[in-house]
Amino acid sequence: MSAAVGAERPQVVSHVQQALSYTVFDCKWVPRSARVLCLGSAARGTGVIQLYELHGARLQLLREIEKPKPIKCGTFGATSLQQRYLATGDFDGNLNIWNLEAPELPVYSVKGHKEIINSIDGVGGLGIGEGAPEIVTGSRDGTVKVWDPRQNDTPVANMEPVQGESKRDCWTVAFGNAYNQEERVVCAGYDNGDIKLFDLKTMSLRWETNIKNGVCSVEFDRKDINMNKLVATSLEGKFHVFDMRTQHPTKGFASLSEKAQKSTIWQVRHLPQNRDVFMTSGGSGSLHLWKYEYPAQRSKKDSEGSEMGVAGSVSLLQNVTLSTQPISSLDWSPDKRGLCVCGAFDQTVRVLIVTKLNKI
């Protein structure tokens, strides 16, 4: 029986691996293409953008662009499918948007932060969801800012510590709840374990919690639906899944936590074709594939009659160790189910195929 079950489990297969001559911090699938982007830092302290195309079992380098400052993160989330412009955050706090067909000068540039931009996310682009195209940046300077690339140098929202509150390093940001023209939230995770949910409609802090360890990555299962689930990963190998459908007046959102591994979980990415499947990447060079199971009832009434959420459970579908170094970035192909790309600190980018995802 166990052999049959094993045969039915998804397998994570390393399809191509490409050695790089620089430190890769982020990698992305270019939407509607067989191309991947690698972003990082060259040994001499400059920024690198490399564009590769997948040809069978090899990656062909199409373009390499050097920039003045190391590049930490990138997103296509706020661009149209026609343009496919890349937004990047760099070590100097600059937010730049690049046309990869003519990458000499950015099509949009702003000195967004005083220090490194650790994380970036985009929404309202790629024909997904509704509302304006916006980019959110989170920085070591303690601020989280939202930008509309159609407006010049001023952010449309700026979430910063209130007077007297200590400044925390923001490690990760993500958009969610963008299911109509008005609604939109930003979730941010910080080095001290704080998770904050900012409501961009009311320009207020909607919810906050603390998971006791630095928050490395946060992601909603979908950006363009009523908030459903949020996964947050941490420095000491745990991840937390919050059920975002029901917010209790005092207890907030129901959640479950899972000790996935002994080392840092650098990133979480939900499968574009199935929001209940997600992959985590780890400091031990491993990837874990998870499935979330909903409880029989997602909410119940407490003794006061207030609705409160009920957390589900997670099961491990597969795990694989690919590297001796941390896998710091991960991105699914939005178009081909089971295709993903990851970058690791062994200066290697890998294209992976995850099988049997249509059976889950």
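For the chain, the name recorded in an unreviewed UniProt entry is Dynein axonemal assembly factor 10, with Zosterops hypoxanthus as its organism. Quoted verbatim from the Subcellular location (unreviewed entry) field of the UniProt record, the comment on the chain reads "Dynein axonemal particle".

Draft legend 1. A look at the pairing of strand E15 (residues 185-190). Counting buried residues in E15 gives 6 out of 6 residues, a clear majority hidden from the surface. Burial of the side chains of E15 extends over both faces: Val185, Cys187 and Gly189 are buried on one face and Val186, Ala188 and Tyr190 on the other. Sheet topology note: the strand E14 (residues 170-176)/E15 ladder contains 6 bridges and is antiparallel. By the bridge assignment, Thr172 is partnered in E15 with Gly189. Note: E15 against strand E16 (residues 194-199), 5 bridges, orientation antiparallel. Its bridge partner being in E16, Cys187 is matched across the sheet by Leu197. Between the end of E15 and the start of E16, which pair antiparallel, lie 3 residues, with Gly193 showing a positive phi angle near 95°.

Draft legend 2. Local environment of the sheet that holds strand E24 (residues 286-293). Ordered by their spatial adjacency, 4 strands build an open sheet running E22-E23-E24-E27, and the pairing between neighbours is antiparallel. Of all the strands in the sheet, the pair left with one neighbour each is strand E22 (265-271) and strand E27 (313-321). Sheet twist, expressed as the mean angle between neighbouring strand axes with direction ignored, is 25°. Bridge count for E22 against strand E23 (residues 274-282) is 6 bridges, and the pairing is antiparallel. Bridge pairing links Ile265 to Gly282 in E23.

Draft legend 3. Looking closely at the pattern of salt bridges. Considering all chains together, one arrives at 19 salt bridges under this definition. The partner of Glu219 in a salt bridge is Arg269, and the shortest N-O contact between them spans 3.7 Å. Linking Glu219 in strand E18 (residues 215-220) with Arg269 in strand E22, this pair joins segments that are 50 residues apart in sequence. Overall, the relative accessible area of 17% leaves Glu219 in the buried class. Exposure remark for Arg269: the relative accessible area of 15% places this residue in the buried category. Across the salt bridge formed by Lys301 and Glu307, the nearest N and O atoms sit 2.6 Å from each other. Counted as one network, the salt bridges with shared partners bring together Asp221, Lys229 and Asp276.

Conventions we followed
Residues numbered from 1 in each chain as written. Predicted model: local features only at pLDDT ≥ 70, side-chain atom pairs only at ≥ 80, totals over all residues. Heavy atoms only, no water. UniProt positions renumbered as here; feature names shortened; annotations may be inferred. Buried < 20%, exposed > 50% of the residue type's maximum accessible area, 1.4 Å probe, protein only. Helix = DSSP H or I, 4+ residues; strand = E, 2+ residues; numbered from the N terminus. Pairing = 2+ DSSP bridges. Axes fitted to C-alpha atoms, helices over the stretch in contact; angles between N-to-C directions. Salt bridge = Lys/Arg side-chain N within 4 Å of Asp/Glu carboxyl O.

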